[in-house]
Structure formats: structure tokens, C-alpha cells
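# Summary of structural features
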Amino acid sequence: MARPAYMFIGIDMHDEAVMAQYREGAVPLLDRFGCRILALDDAADLLDGTYRRQRLILLAFPSMAEARGFWDSPDYAPLKRLREKGSAQD
């Protein structure tokens with residue numbers, strides 16, 4: 001059985017209209033690759049260190065192959081450009 005793979009995203013959104021377009025396309029694509037959103041938090045407490053982003057997201061994929069499949073998907077390429085246009089992320 002494949003081990004799950006996790007994707008952690010820290011993001012600051014600066015164009016909500018662009019990010020709405022991103023979500024509209026990304027959510028169905030995430031579903032297609034078996035992804036579950038484990039956490040989405042706009043008010044996370046930082047217990048130590050200096051990391052700070054507006055929104056923290058934790059995604060779970062069934063396997064690294066599914067995570068890579070999503071990330072490298074030709075369907076995701078235009079969505080990546082939207083995300084980069086509408087936000088700053090780690």
C-alpha cells in the first residue's frame with residue numbers, strides 16, 4: 001500500500017478575484033487526484049519561530065505519485081500561473 005503524501009502551503013493573497021478563479025479550477029482537480037484538505041487556517045497560532053503567512057493549508061494525497069501527478073498535471077499549469085499572480089507563497 002502506498003504511503004500518503006502531504007503538501008504544506010503558506011500563502012498571502014493579494015488579489016481575491018484571481019484567487020477565486022484559482023480555487024474554482026484547483027478544487028475539482030485536487031478531488032480528481034484524491035486529495036483531502038486536512039487544514040485551512042487564517043488564524044493559526046505560531047508557538048515558536050518567525051514564520052508568518054496569511055493562510056496555512058495542509059493537503060493529503062493518497063501517494064506521492066498522486067501529489068506529483070497533481071503538481072505536474074497540464075491542467076494545473078494555468079492554475080499555477082493564477083496562484084502566482086494572485087498571491088505570494090512558500
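Residues numbered from 1 in each chain as written. Predicted model: local features only at pLDDT ≥ 70, side-chain atom pairs only at ≥ 80, totals over all residues. Heavy atoms only, no water.

Let us look at the sheet that holds strand E4 (residues 87-89). Here we have 4 strands laid out as an open sheet, ordered E2-E3-E1-E4, and antiparallel in their pairing. Edge positions in the open sheet fall to strand E2 (36-41) and E4, since each of these has one partner strand only. The sheet shows a mean angle of 25° between the axes of neighbouring strands, taken without regard to direction. As paired strands, strand E1 (residues 5-13) and E4 are joined by 3 bridges and run antiparallel to one another. Within the sheet, the bridge partner assigned to Met13 lies in E4 and is Ser87. This element, helix H3 (residues 77-86), spans E1 and E4 of the sheet and lies at about 100° to E4. (Pairing = 2+ DSSP bridges. Helix = DSSP H or I, 4+ residues; strand = E, 2+ residues; numbered from the N terminus. Axes fitted to C-alpha atoms, helices over the stretch in contact; angles between N-to-C directions. Contact = heavy atoms within 4.5 Å.)

Moving on: the layout of surface pockets. Each pocket or cavity is described by its volume, and for the largest pocket that value is around 370 Å³. Around the largest pocket, the lining comprises 22 residues; the ones closest to its centre are Ile9, Tyr22, Leu30, Ile57 and Leu59. Counting residues per element, the ones that place at least two in the lining of the largest pocket are E1, helix H1 (16-32), E2, strand E3 (55-61) and helix H2 (64-72). A total of 6 residues in the lining of the largest pocket trace back to one element, the largest contributor, which is H1. Along the lines of polarity and charge, the residues of the lining of the largest pocket split into 17 nonpolar, 1 polar and 4 charged. (1 Å grid on protein atoms, 1.4 Å probe; cavity = no way out; pocket = protein on both sides within 12 Å on 5 of 7 lines; lining within 4 Å. Points joined across faces, edges and corners; volume = space filled by probe spheres on them. Nonpolar A, V, L, I, M, F, W, Y, C, P; charged D, E, K, R; others polar.)

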